[in-house]
Amino acid sequence: MEERLEQYLQRLPKVEPGRSLAPSVMARIAERERPSYRRYKRWVVVFGAAVLFVLMLTTNLPLTPRLELFGYRTVRLVFCSTVRNPKTVAVAGDFSDWESIPMERIDENCFALTLRLRPGKYEYGFLVDGKWVPDPLSLRAVADGFGSVNSVLVVDGDTE
Amino acid sequence: MWEQSDREIIQEVLNGNKDLFAVLVARYEKPIFNYVYGLVRQKQDAEDLTQEAFVKAFFALKTYKDSFEFSTWMYRIARNVCLDYFRRQKIRSFFSLNTPVGEEEEDEFGDFLPEGKDPEEGVLKEELLERVSQAVGQLPLKFREVIVLRYVEELSYEEIARILDVPVGTVKTYLHRAKAKLRELLGEEFS
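Not measured: the values here are computed from a predicted model. (Residues numbered from 1 in each chain as written. Chains lettered and ligands numbered in written order. Predicted model: local features only at pLDDT ≥ 70, side-chain atom pairs only at ≥ 80, totals over all residues. Heavy atoms only, no water.)

Participant: Help me out: how do you make sense of the overall build of chain A in this one?
Facilitator: Across its full length, chain A holds four helices and nine strands. Across chain A, helices and strands are ordered from the amino to the carboxyl terminus as α-α-α-α-β-β-β-β-β-β-β-β-β. The buried share of chain A, taken over its 160 residues, is 30%. Sequence-distant contacts in chain A: of pairs separated by 6 or more residues, those separated by 24 or more amount to 56%. Carbon and sulfur atoms provide 56% of the accessible area of chain A, an area that totals close to 10,900 Å². (Helix = DSSP H or I, 4+ residues; strand = E, 2+ residues; numbered from the N terminus. Buried < 20%, exposed > 50% of the residue type's maximum accessible area, 1.4 Å probe, protein only. Contact = heavy atoms within 4.5 Å. Areas by Shrake-Rupley, 256 points an atom, 1.4 Å probe, with all protein chains shown as cover.)

The structure is reproduced here in structure tokens:
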């Protein structure tokens, strides 16, 4: 019986590859000999993502998307005139396409208006009885190109 | 026609004539493929692993030492590639009793016609051979590979010992135990 098993083992079929493997082997070798960046492109991407993730967690660099920049903010503009008892006060800016929006009187010399604006930087000014007046409470102003200045409103909560 | 020896080819490849490695591949792809196929029993995987073994050999060629035949070294690399494959696939169950036989494998058996004038006897032998082959596929890896190296690759005990990096005595023990296990699997026809 030992001999019988031997005979069958010796007759186990030899299997050949369906084709010559040499061309595929040489192609694989060529592929792996390419510049290392291309070979390890996937790992470079993974490494880069890992570094970014660590930086996002451990630093204050502006790397995370600022979700607070989406949507509208409520901004209340207040103008208190140095001229006594002005008749009309309006505001105009690039947020209104420079159309004037009348402001509501809140006392004898003060007017207010509530706006809903997206976060960003806006130029504006007040029209006090038709005369252009920059916002005296704004800390930032830019020349308007017509010899006067516009105030700058930065919407993330504060008026400058 | 004069044929370059393995060592001469290796030296030329190391000197920069990389394309010559294809000659070594062509020279040994059949025995290495046979060995790999004997272990993994899947033709597509065997082709892929055989290619991988040659690629690894190419990049490790500097470490090849003359103390081994190139073929022995290739068998060792192919063996490691197969072990990695098994680890990756986590298919230890591959060695279980449920190992399926693919259609390709069955076709290959169809080509085999055993000796014997009686066609009925021939069919019986063919079926028996298929059962033996399936039983080999069910052996634990260390037993299976000695059977493949000894009976399919027709290597000497010494060569097998060098490939497996074990003493010759261990090879003989494995073979003895492998055949005992085969007889157990095959039942009364071989016991």
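So much for the structure itself; the text now carries on.
Participant: So what exactly am I meant to see when it comes to the state of the cysteines here?
Facilitator: Chemically, a disulfide is nothing more than a covalent bond linking the sulfur atoms of two cysteines. Residue and element names in this part refer to chain A. Across all of its chains, the model carries one disulfide over all chains by this definition. Disulfide pairing is shown between Cys-80 and Cys-110; the S-S distance is 2.0 Å. An S-S torsion of about 110° defines the bridge between Cys-80 and Cys-110 as right-handed. Here Cys-110 lies in strand 5 (residues 110-117) and Cys-80 lies in strand 1 (residues 73-80), a separation of 30 residues in the sequence. By relative accessible area, which is 38% here, Cys-80 ends up partly exposed. Look at Cys-110 and you get buried, because its relative accessible area is 10%. (Disulfide = S-S within 2.5 Å.)

Participant: In this structure, what is going on with the interface of chain B and chain A? I would like to understand it.
Facilitator: In many analyses, interface size is given as the accessible surface area lost on bringing the parts together. Opposite the 42 residues of chain B that make contact, chain A presents 27 residues. For the pair chain B and chain A, the summed buried surface comes to about 3,500 Å²; carbon and sulfur atoms form 64% of the total. Looking at the side of chain B facing chain A, the largest losses of area belong to Gln-51, Tyr-151 and Phe-190 of chain B, adding up to 17% of the total buried there. Joining chain B to chain A, the criterion identifies eight salt bridges. Across the salt bridge formed by Arg-32 of chain A and Glu-52 of chain B, the nearest N and O atoms sit 2.8 Å from each other. Across the contact surface, chain B and chain A share 13 residue pairs in polar contact (both at pLDDT 80 or more). (Buried area = accessible area lost by both parts, 1.4 Å probe. Salt bridge = Lys/Arg side-chain N within 4 Å of Asp/Glu carboxyl O. Polar contact = N/O pair within 3.5 Å; in protein donor to acceptor, adjacent residues only side chain to side chain.)

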